[in-house]
Amino acid sequence: MNSPTERPNLASDASSVQQEQRLAAIDLGSNSFHLLVAHYRDDRLEVVARLGEKVQLAAGLDAANHLDEASMQRAMACLSRFAPLLEGVVAERLRVVGTSALRTARNRQTFIERAEALLGCRIEVIPGHEEARLIYLGAAHTLAENGRRLVVDIGGGSTEFIVGEKLKPLKLESLDIGCVTHTQRHFADGQLSEARMGQAEADVLAQLASLRVSYSELGWDEALGSSGTIKAAASVLAASGGTPCEISRSGLLELRQRLIECGHLDRVALEGLKPDRARIFPAGVAILGAIFEALELTTMRYADGALREGVLHDMLARDISRQH
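Residues numbered from 1 in each chain as written. Predicted model: local features only at pLDDT ≥ 70, side-chain atom pairs only at ≥ 80, totals over all residues. Heavy atoms only, no water.

## Side note on helix H9 (residues 281-294)
Put simply, the rule reads: In this description a helix means any DSSP run of H or I spanning at least four residues, a strand means any run of E spanning at least two, and both kinds are numbered starting from the N terminus. The span expected for a helix works out to 1.5 Å for each residue beyond the first. The cut-offs for exposure are 20% and 50% of the maximum accessible area for each residue type, with area from a 1.4 Å probe on protein chains only; residues under the lower value are buried, those over the upper are exposed, and the others partly exposed.
Taking 1.5 Å of rise per residue, 14 residues should cover 20 Å, and H9 covers 20 Å from first to last C-alpha, within 8% of that figure. Burial of H9 is extensive: 13 of the 14 residues sit out of reach of the surface.

## A closer look at unusual backbone geometry
One non-glycine residue, Asn 65, adopts positive backbone phi at about 60°. Here Asn 65 lies in the loop between strand E3 (44-54) and helix H1 (69-82). The backbone of Glu 296 shows a phi angle near 55°, a positive value even though the residue is not glycine.

## What about the pairing of strand E6 (residues 148-154)?
Selection rule: A pair of strands is labelled paired if DSSP reports no fewer than 2 bridges between them.
For E6, the buried fraction is high: six of the seven residues fall into the buried class. With seven bridges connecting them, E6 and strand E7 (residues 159-165) associate as antiparallel partners. Pairing of Val 151 across the sheet is with Ile 162, part of E7. Following E6, the chain reverses through four residues before pairing antiparallel with E7. Note that E6 and strand E9 (residues 222-226) share five bridges and pair parallel. What sits directly across from Val 151, in E9, is Leu 224.

## Some points on the pairing of E9
Summarising burial for E9: four of the five residues are buried, a large majority. Judged from the two bridges that link them, E9 and strand E11 (residues 299-302) form a sheet pairing that is parallel. Bridge pairing in E11 links Leu 224 to Arg 301.

## Remarks on the sheet that holds E9
In plain terms, the rule: In this analysis an axis means a line fitted to C-alpha atoms, helices contributing only their contacting stretch, and an angle means the value between N-to-C directions, from 0 to 180 degrees. Residue contacts follow a heavy-atom distance rule, with two residues in contact if any of their heavy atoms lie within 4.5 Å.
Here we have six strands laid out as an open sheet, ordered E8-E7-E6-E9-E11-E10, and mixed in their pairing. Strand pairing shows two members of the sheet lacking a second neighbour, strand E8 (168-175) and strand E10 (246-248), which therefore form its edges. Across the sheet, the mean angle separating the axes of adjacent strands is 25° when strand polarity is ignored. Bridge analysis of E10 against E11 gives three bridges, and the strand direction is antiparallel. Residue pairing for E11: Ile 247 is matched across the bridge by Met 300. The sheet contacts of helix H6 (residues 194-218) involve E6, E7 and E8, and relative to E8 the element is tilted by about 165°. On the sheet, helix H7 (residues 228-239) packs against E6, E9, E10 and E11 and is oriented at approximately 80° with respect to E10.

What follows is the structure, encoded as structure tokens:
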């Protein structure tokens, strides 16, 4: 994975910010937790440490939307491994954000208190629109091109849709569709079939009905995708001869068929796919396929930046605005 940015988008105003400082972001996602630590030096962010772990917090939500103890323990074990990497990061340069699973969890305060005690800092559970804004900021900072772009981020518990130009989002949406929760909803017994995939896709299409018209009317020059599901799909397609970092509609349909032929989540094994993503990958592909259909996409390019990169750039922008 590349540095969160090689483009000094903030350079014109950055001289008033301390020339060297260490910043950190932690993304408490519904599938994975991610830590990103970077130096801000010479008008650019340089990655110091990057760590991600599958925690599958959303899988720990019961029927009453309470996080179970096992998922909390997985989370705290992960954060205890993150904590040593935060040495030298002052409190105002660290932002920890929780997303869909923590938005949903009715006992999130218990989780927050335990995590704050472990990390020694405040934890924010951010709304979907703020998550979308930060995802767009992270993705936009990795791209040299101008023009209007659609950014899609499929997470463990929610999917964000953003249309923007340069660093400015024009339209933001977050839907409660994610690869972990969709796996539980449509593939709970592990069975993979044409009918199951069709049902999973139809579920997403129904939820996309509310945004497809307004997004299509706004339009975009290029479709981009960020985070694990889209990265994994691009990786699997590249391993079978596709264009690196690109997902085509035809490639996605072929991938869908390959997954159905696996017959069961336990038998999903594809070149380019990490084993720890295999069980939630078919649901992610169903979500992505429905997005391609609803928004009439032919290709999508993988963009390296996402929520955690956006959090770092947002902190820098706030520093700059405070000093002016």
